Amino acid sequence: MLSLLIDGVLNRRRPSKWDAPQHFKSPHYPRSTAEREREEAERRHRAMRNAGLW
């Protein structure tokens, strides 16, 4: 009973469901070079598209 009260008081201002940051959700194993290059290419492509160059 007391734990429900404390949980209600502490979490009053915080949302109960939140989307975790990517570094919490992604696996923490060493990635291959090809995968890292692909991610970097996607990042560059996204930046160029947002800047209106693509």
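Enquirer: Whenever I open this one, the pattern of salt bridges confuses me. Can you help?
Expert: Side chains carrying opposite charge are able to pair once their charged atoms draw close together. Evaluation of the coordinates by the stated rule reveals 4 salt bridges. R31 is paired through a salt bridge with E39; the nearest N and O atoms lie 2.4 Å apart. The exposure class assigned to R31 is partly exposed, which follows from its relative accessible area of 37%. A salt bridge links E42 to R38; the shortest N-O distance between them is 3.1 Å.

Enquirer: How should I be thinking about a nonpolar patch on the surface in this particular structure?
Expert: Residues L2, L5 and I6 make up a contiguous nonpolar surface patch of about 310 Å² in total accessible area. If you trace the backbone, I6 turns up in helix α1 (residues 2–10).

Enquirer: What is the right way to read the confidence of the model for the chain from this model?
Expert: Caution is warranted with low-pLDDT regions, since their predicted coordinates should not be read in detail. Per-residue confidence for the chain gives a mean pLDDT of 80; residues scoring 70 or more make up 81%. Least confident of the elements in the chain is α1, whose mean pLDDT is 71; most confident is helix α3 (residues 33–51), at 92.

Definitions and cut-offs
Residues numbered from 1 in each chain as written. Predicted model: local features only at pLDDT ≥ 70, side-chain atom pairs only at ≥ 80, totals over all residues. Heavy atoms only, no water. Salt bridge = Lys/Arg side-chain N within 4 Å of Asp/Glu carboxyl O. Buried < 20%, exposed > 50% of the residue type's maximum accessible area, 1.4 Å probe, protein only. Patch = residues over 30% accessible without salt bridge, like charges linked within 9 Å, V, L, I, M, F, W, Y side chains within 5 Å. Areas by Shrake-Rupley, 256 points an atom, 1.4 Å probe, with all protein chains shown as cover. Helix = DSSP H or I, 4+ residues; strand = E, 2+ residues; numbered from the N terminus. pLDDT = per-residue confidence, 0-100.

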